[in-house]
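Residue strings, one per chain:
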Amino acid sequence: HTHDCRPVLAELARDHFGLDLDHPRLQLHFADLTAADWQMPEETASADLMLLDLFDEQGMTPLPDTTLERMSEHLAQDGLLCVNVWRNAMRDTTRLHKQLIQHFHRHALVMHVPHRMNTVMFYRRAPWRREDLQAAQTRLKHMHPDIRHAVAEAWTWMAPLPPSA
């Protein structure tokens, strides 16, 4: 499932990233997640993966707790929430992390992307287990070579979030 305010992003993702807009597992929804009354569409099944990338001209866009609660309810127990944040706005990143751990497990994995000066934080409803990362590496062997290359580079940037965060 994909939720965004701007329908034009579907065409941009298709044109620049090769997103298959007709893929049977892809469902696109356009709505404002920052609205307090935002609802996950009724037909939405449990999601294995949610990507959160919210920015405007001011920086990171705050989300209401109700939105995060609804996202948590629809994320599969072993699903993954990937949150892209601006690394140079640590005050906002800390606020967002504290908000997210009210709805997701507090032990996030963090990937700093040095050449872009941003950070990707990975949350789950359940705690991380060693087997989860081992299974991800096994699945990676069957993916397209370009994806394997990108993920291999990204693994070097990944680290657990310190417990005091």
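Please refer to the structure placed before this passage.
Counting from 1, residues in each chain are numbered in the order their sequence is written. In keeping with the model being predicted, local features are shown solely for residues with a pLDDT of at least 70 and side-chain atom pairs are shown and tallied solely at 80 or more, while totals for entire chains, interfaces and linings include all residues. Hydrogen atoms and water are omitted, and side-chain values are computed over all heavy atoms in the structure.

**Description of the nonpolar core**
Part 1 of the argument: Put simply, buried Ala, Val, Leu, Ile, Met, Phe, Trp, Tyr and Cys residues joined by side-chain atoms within 4.5 Å make one nonpolar core. Three exposure classes are used, based on accessible area relative to the maximum for each residue type with a 1.4 Å probe and protein chains only: buried under 20%, partly exposed in between, and exposed over 50%. Judged by nonpolar contacts, the single largest core of 21 residues is most densely connected at Met50, Met71, Leu81, Val83, Leu100, Phe104 and Tyr123.
Part 2 of the argument: For the purposes of this entry, the term helix denotes a DSSP run of H or I that reaches at least four residues, the term strand denotes a run of E that reaches at least two, and both are numbered from the N terminus. Sorting the residues of this core by element identifies strand E3 (47-52), helix H2 (65-74), strand E6 (75-86), helix H3 (90-100) and strand E8 (118-123) as the ones contributing at least two each.
Part 3 of the argument: Formed by six residues, the second largest nonpolar core is a distinct cluster that contains Cys82, Val113, Val120 and Phe122.

**A short note on the pattern of salt bridges**
Part 1 of the argument: A pairing counts as a salt bridge when a side-chain nitrogen of Lys or Arg comes within 4 Å of a carboxyl oxygen of Asp or Glu. Going through the model one piece at a time under the given rule, you end up with one salt bridge.
Part 2 of the argument: The closest approach of N and O atoms between Arg14 and Asp15, which form a salt bridge, is 3.0 Å.

**Some thoughts on the pairing of E6**
Part 1 of the argument: Criterion used throughout: strands pair if DSSP finds at least two bridges between them. Looking at chain direction, E3 and E6 are connected through five bridges and run parallel. Its bridge partner lying in E6, Leu52 is registered against Val83.
Part 2 of the argument: Two strands pair when backbone bridges link them, and E6 and E8 are joined in this way by six bridges, in the antiparallel orientation. Counted as the bridge partner of Cys82 is Phe122 from E8.

**Concerning the environment of Val85**
Part 1 of the argument: Here Val85 is to be found in strand E6.
Part 2 of the argument: Note on Val85: relative accessible area 0%, which makes it buried.
Part 3 of the argument: If we ignore the near neighbours within four places in the chain, the residues touching Val85 are Phe55, Met60, Thr93, Leu96, Asn118, Thr119 and Met121. By definition in these notes, contact holds between two residues if any of their heavy atoms fall within 4.5 Å.

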